[in-house]
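As a plain string of letters, each chain reads:
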Amino acid sequence: MTNANGAVDRGKPGNRWVDRLEGALFGNRPLVLIAFALVSLGLALSATRLEIDAGFEKHLPSTHPFMQVFTEHQAEFGGANRLLVAVRARSGDIYTASFLETLRDVTDAVFFLPGVNKASVRSLFTPNVRFTEVVRGGFSGGNVVPPDYQGTDQDVRQVRTHVFKAGIVGRLVANDHSAAIVTAELVETDPRTGERLDYIETARLLETELRARYSSPEVDIHIIGFAKMVGEVAEHAGNALMFFAIAFALSLVPVYFFTRSAWYTGLLMLCSTVAVVWTLGFLSLFGFGIDPMSILVPFLVLAIGISHGVQVTGAAGTAVRSGAGSTGAARVAFRRLAIPGAVALASDCAGFLTMQIIDVQIIRDLATTMSIGVAAILFTNLMLLPVLMSYARHDDGYGRRLQAAIQASAPVCGRLSRLAAWPASAIMLLLALAAFGIGIQGAQNYAVGDVHEGVPELRSDSRYNRDSAAITRLFAVGVDVLTVIVETRPDACVDFTVLDRIDDFAARMAQVHGVQSTLSLPAVARKINAGFNEGHPKWHTLPRTTASLVQSTGPVETGSGLLNADCSVMPVLIFTTDHRAETIDRIVAAVTAYAKTHDSDTLSFRLATGNLGVMAATNDLVRDSELEMLIWIYAAVIALCLLAFRSIRATLCVVLPLALVSTLAFALMTLLEIGLKVSTLPVAALGVGIGVDYGIYIFSDMKRRLDGGAELVVAFRETLAVTGTAVLVTGMTLALGVITWIFSALKFQADMGLLLAFMFLANMAGAVLLAPALAWLFYTVPAHMGARLSKRP
């Protein structure tokens, strides 16, 4: 550390390891630079091999009870990774030879897509889509589109008749008969190659082999599903790199304004960029990829790097202003910031590592990635940057320019320093309490999960969300389905009591707001029973005798997904209008309430499979883990601050502004209608991480001056001149960089831009405005009270 005169303190026990590290770095500068250059070159080469790693199973909360049901029945009833391709006639209906020919071609194209489970493909042209009817001689049935279909007028009329008999209107055929759907399920491992499915390539093929090839003035193609969504996000990821470059460029001006040195500005940005390269290089080296949903990671690493680098250049500038040379200034900066910088980065790392408690692979991968990035910053910005700065060359007027800048900011610093004294400090504390109350009120209503219809990662006018809206409008089913697994005894499909209970359950779920339709074995059995009785409406009911139930359920094949081989499991499919958090919560609550009152030893309703089952489990896990994660984050920050400051009062001055900003951030999410989910969760951890950086740097500098005998107001004014200015520059620089994201085609990137801009500015304000008021409360007030008590006789 340095004393009040700027000289280096030697021999203190807490500084011994800093002494040794300083000697190793600055005593062997050429070797250190060569070592960093070689490592950076190697990691840069490794980063070039980094691949996009999108996977559906990475989004599954594997230990959640819903996912245990999902895994248990996945082989029999498929998974949640569905693909829907709707072929729509721009005018008229589907019953033309040309339209049906296009539908057959699309079906074949889907069948041969990589990763498609061939047995799961369903279309008017697949043999698993059949009709059944009662004729004079008994039962008759067949494929909806006969195997000998030739496209003649008679064949087309026959298909139309079969569609009505098959009862697939609303499911495979649009309610107005203007479109038909081809559905399939994707698997993680491509059956043809045995390798992991490349979702980006699959999405590309969906565009080139389906939409581009078969769209025409007569036919439109709509495609939805996880693979298509990932592909559209990845398509816009290139724009995210453009925004990264814009943020980098915008950072140069305020950083140069602060450092007044092209050397320091260039070296700071270089080291922050090297940290990003190291992060990507280590990811590739350790066998990780980068998910399209994690495209913000490079900027977050750059942001944290700039935040710490500005402090290093500011400390060096102070030493230069006092007459030190480049090498001496660099050594002073290293010694002054080694401990607070390491503590701040350790707090950042702890914050991200706590996300590991959420058992979703994509979140754990993100936590690992950010932790690697923070560790890289420890080397690049706290070690490499000071060594490089020791080679910087400044003209004779550099120190005078810095001194002039300090003098120019003196009036502002003087006014702000009043926050460390009565009455400004008391007013600030009251305002903080009011803000905390507002934040608590607003944060009570934030949602866990999606808040809007469509995919929240994309704009509402994106092609994917327009396709999703079209399919939802045309069909009674969509990609959003919650499947409730009904388990009972074998051969229960001929037990009226069991089927009647399942039928009652499906009917009740169909009345829940947000449910578009339901599909179950009893519903199909009722239609078949009516068919056996000349289609008379009064026979559209479940027969009560075993023989009649055998007759009504026998034609239903296991491939329908409505029963298994021994009829001990009969799923109920609940199709919804959207996948908003409130819709999912409402339906899950209804299913849970029904199961609670109707489950028995021979019948149980188990949640859940389908893509909404995955979303419900993920939302549930995030909701349950969120508080625990925040507790661990703050516990780690408190422990590290106590270790660094050896003071409960100093720790409170750093942590309390963080708590205020975190609360306000959740309130802002409610206001902006941003749900807490996989893509937004890192912002909560980042907010604490960046905030604690600001607080630790400011309070470590201020405490050093207090320990040197300065009064609180004087200590804070002197801290503001350098460290506080660095925090202000960092906050505004980073906010300026991310606010440009509101123009991104990716909705979640725009949302993150607003949230991050708020986090950067609010944490900056908390460290500069609230921390001194808290210091007054915890330091000055007790001292005055103690002085008054000591004067009493």
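Further up the page is the structure itself.
Here the residue numbering is sequential within each chain, running from 1 through the sequence in written order. With the structure being a predicted model, the display of local features is reserved for residues of pLDDT at least 70 and the display and counting of side-chain atom pairs for 80 or more, all residues being used for whole-chain, interface and lining totals. Side-chain descriptors were evaluated using all non-hydrogen atoms of the structure, hydrogens and water having been removed beforehand.

As for the environment of Trp776
1) Next: In this description a helix means any DSSP run of H or I spanning at least four residues, a strand means any run of E spanning at least two, and both kinds are numbered starting from the N terminus. Within the secondary structure, Trp776 sits in helix α23 (residues 747–791).
2) Next: The spacing of Trp776 and Val722 is 54 residues in sequence and 20 Å in space, taken between C-alpha atoms.
3) Next: By definition, residues are in contact when any of their heavy atoms lie within 4.5 Å. With residues up to four places along the chain from it excluded, the contact list for Trp776 reads Ala420, Ala421, Trp422, Ser425, Ala426, Leu429, Leu712 and Val781.

A closer look at the sheet that holds strand β9 (residues 603–609)
1) Next: Spatially, the four strands line up as an open sheet ordered β7-β8-β6-β9, and their pairing is antiparallel. Unpaired on one side and paired on the other, β7 (515–519) and β9 mark the two borders of the sheet. Neighbour to neighbour, the strand axes of the sheet diverge by 20° on average, direction disregarded.
2) Next: The sheet contact formed by β7 and strand β8 (residues 572–576) spans four bridges and is antiparallel. For Thr518, the partnering residue across the bridge sits in β8 and is Ile574.
3) Next: Sheet strands in contact with helix α15 (residues 496–510) are β6 (481–488), β7, β8 and β9, and its direction is about 165° off that of β7. Only when DSSP finds a minimum of two bridges between them are two strands counted as paired. Comment: axis = line fitted to C-alpha atoms, over the contacting stretch for helices; angle = value between 0 and 180 degrees taken between N-to-C directions.

Comments concerning the packing of aromatic side chains
1) Next: Stacked, edge-to-face and tilted labels apply to pairs of Phe, Tyr and Trp rings (six-membered ring for Trp) whose centres lie within 6.5 Å, assigned for plane angles under 30 degrees, over 60, and everything in between, in that order. The tally for this structure, following the rule as stated, stands at 16 aromatic pairs.
2) Next: A centroid spacing of 5.8 Å and a plane angle of 80° characterise the contact between Phe125 and Tyr149, whose relative ring orientation is edge-to-face. Note that Phe125 is positioned in the loop between α4 (97–111) and β2 (130–135) and Tyr149 in the loop between β3 (138–143) and α5 (153–166), a separation of 24 residues in sequence.
3) Next: Between buried and exposed lies partly exposed: a residue is buried under 20% and exposed over 50% of the maximum accessible area for its type, with that area taken using a 1.4 Å probe on protein chains only. Look at Phe125 and you get buried, because its relative accessible area is 17%.
4) Next: Tyr149 gets classed as buried once you look at its relative accessible area, which sits at 5%.
5) Next: Here the aromatic rings of Tyr199 and Phe226 are separated by 5.2 Å at their centres, their planes lie at 90°, and the arrangement is edge-to-face. Linking Tyr199 in helix α6 (residues 199–214) with Phe226 in helix α7 (residues 226–259), this pair joins segments that are 27 residues apart in sequence. Each member of the pair, Tyr199 as well as Phe226, carries the same accessibility label: buried.
6) Next: The criterion for a charge sitting over a ring is simple: Lys NZ or Arg CZ within 6 Å of the ring centre, and within 35 degrees of the ring normal. Across from the ring centre of Phe257, 4.7 Å away, lies the NZ or CZ of Arg260, which sits over that ring.

Section: the pairing of β8
1) Next: Taking burial as the measure, the five residues of β8 include five buried ones, the bulk of the element.
2) Next: The alternating pattern of β8 places Val572, Ile574 and Thr576 and Leu573 and Phe575 on opposite faces, both of which are buried.
3) Next: In this structure, β6 lies alongside β8, joined through four bridges in antiparallel fashion. Looking across to β8, one finds that Val484 is bridged to Val572.

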